[in-house]
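Observations on chain architecture
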Amino acid sequence: MTPQLAESIGKLGVGNGFAGLFSQHTTAVLLVNEFQPALLDDIGDFLKRVVRDDLEYKHNSPKWSDCERGNATSHIRSLLFNNSVLLPVADGKLVLGRFQSVILAELDGPRERTLKLQLMGV
Amino acid sequence: MTPQLAESIGKLGVGNGFAGLFSQHTTAVLLVNEFQPALLDDIGDFLKRVVRDDLEYKHNSPKWSDCERGNATSHIRSLLFNNSVLLPVADGKLVLGRFQSVILAELDGPRERTLKLQLMGV
Amino acid sequence: MTPQLAESIGKLGVGNGFAGLFSQHTTAVLLVNEFQPALLDDIGDFLKRVVRDDLEYKHNSPKWSDCERGNATSHIRSLLFNNSVLLPVADGKLVLGRFQSVILAELDGPRERTLKLQLMGV
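Below, the structure is looked at part by part. (Residues numbered from 1 in each chain as written. Chains lettered and ligands numbered in written order. Predicted model: local features only at pLDDT ≥ 70, side-chain atom pairs only at ≥ 80, totals over all residues. Heavy atoms only, no water.)

Rotating chain C by 120 degrees about the axis while translating it 0.0 Å along that axis superimposes it on chain B, leaving an RMSD of 0.0 Å. Here the copies are linked by what is in effect a three-fold axis. When C-alpha distances to the rotation axis are compared across chain C, the minimum falls at Leu80(C), with a value of 3.2 Å. (Least-squares fit on C-alpha atoms with pLDDT ≥ 70 in both.)

Moving on: the packing of helix α3 (residues 72-79) of chain A against helix α2 (residues 37-50) of chain B. Between α3(A) and α2(B), whose axes approach to 10 Å, the crossing angle comes to 60 degrees. Viewed along their axes, α3(A) and α2(B) adopt a mutual orientation that is oblique. Like other packed secondary-structure pairs, α3(A) and α2(B) cross with a definite hand, here right-handed. From α3(A), Ala72(A), His75(A), Ile76(A) and Leu79(A) reach across to α2(B), where they touch Leu39(B), Asp42(B), Ile43(B) and Phe46(B). Its residues assigned to classes, the contact of α3(A) with α2(B) shows six nonpolar, one polar and one charged. (Axes fitted to C-alpha atoms, helices over the stretch in contact; angles between N-to-C directions. Helix = DSSP H or I, 4+ residues; strand = E, 2+ residues; numbered from the N terminus. Parallel < 35°, antiparallel > 145°, perpendicular 65-115°, else oblique. Left-handed = near helix turned anticlockwise from the far one by under 90°. Contact = heavy atoms within 4.5 Å. Nonpolar A, V, L, I, M, F, W, Y, C, P; charged D, E, K, R; others polar.)

Residues and elements named next belong to chain A. Enumeration according to the criterion identifies 21 salt bridges over all chains in this entry. Notably, a salt bridge pairs Arg 77 with Asp 53, separated by 3.2 Å at the nearest N-O pair. In this pair, Arg 77 is assigned in helix α3 and Asp 53 in the loop between α2 (37-50) and α3, connecting sequence segments 24 residues apart. Classification of Arg 77 as buried rests on a relative accessible area of 9%. Exposure remark for Asp 53: the relative accessible area of 49% places this residue in the partly exposed category. (Salt bridge = Lys/Arg side-chain N within 4 Å of Asp/Glu carboxyl O. Buried < 20%, exposed > 50% of the residue type's maximum accessible area, 1.4 Å probe, protein only.)

Taken together, the contacts link 31 residues of chain A with 29 residues of chain C. The contact between chain A and chain C buries some 2400 Å² in all, and 64% of this surface belongs to carbon and sulfur atoms. Of all residues in chain A, Phe18(A), Asp42(A) and Phe46(A) give up the largest surface area on contact with chain C, accounting jointly for 24% of the area buried on that side. Inspection of the chain A/chain C interface yields one salt bridge. Among the ionic pairs, Asp41(A) bridges to Lys58(C), the shortest N-O distance being 2.4 Å. The interface formed by chain A and chain C includes 13 residue pairs in polar contact (both at pLDDT 80 or more). Those elements that provide at least two residues to the side of chain A that touches chain C are β1 (17-23), β2 (28-33), α2, β3 (84-90) and β6 (115-121) of chain A. At eight residues, the largest contribution of residues to the side of chain A that touches chain C is made by α2(A). Taken together, the residues of the side of chain A that touches chain C sort by class into 18 nonpolar, eight polar and five charged. (Buried area = accessible area lost by both parts, 1.4 Å probe. Polar contact = N/O pair within 3.5 Å; in protein donor to acceptor, adjacent residues only side chain to side chain.)

Below, the structure written as structure tokens:
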């Protein structure tokens, strides 16, 4: 999401402050890390190892839940991330380290997702 | 915590800005996810699988620690969450997705817990 | 980082608002927890158990990645933390619970690391 975020900050004209990006979903999350396909594959493999698909989950059972999506593992994997990313804005620009990117991680769909951006500053 | 948070924001009269809710504890954490009892049970089971109670922890040993509570697993489980939640406020209202709730997760007690709310905006 | 952060806030003269501390790195992270050596050892052991060094990672393979550092596990461990910490400032002081410290966790180096501090308030 880095280019979209940088563009929005430029348009909105905040010089110094905070930019917050917020996922409006419980199974689509935001993180700051290196955006490299090989690493993203490794992260996906890790998520499958640490939150196993082959266990029983109450959230997936009609006995305990009216959720028809059977997506307990998506919710639990989302715990390891965050629903939001907060970043500083300085001199009108997003402040990020050389290898840092703002990444939206889809843990369930894919489907259309909504993010909210809140900027505050002077 | 969503209703309490929404009520406080209404009373404090911030139109647009950020609301931060902060746990003052190292073993009681905040998260944004779906508040469904079956899912919360699944999350509890996951936390017991990934941070096992049947291992030895230095924090629980009088040799290495003066902690008398033996709560290393509570601390380690708290790593998977966050001590705070930041949310946008727009038009005087908390901005949350349809299935998102602000949840306080007690990982140790239960005991009385203190949260701080900081609002900033115009 | 608590003393350095408290000192900076005192110097910068913000009375009430937010303080954000931001790691500029993908393998050095920030967290709020109890700063006790025994617990930090337990956390290190947990990270080695949950993100295993003895597996193959694409990020470490010249076939998939130009990364020469072989640090996939450092990146994946960083997911369990956050690149930033946000804290309230009230009456000119950092607001933290009795056992809470702001901790910089080096997951890769050690090497020189850069943090950015952004304060906003009145």
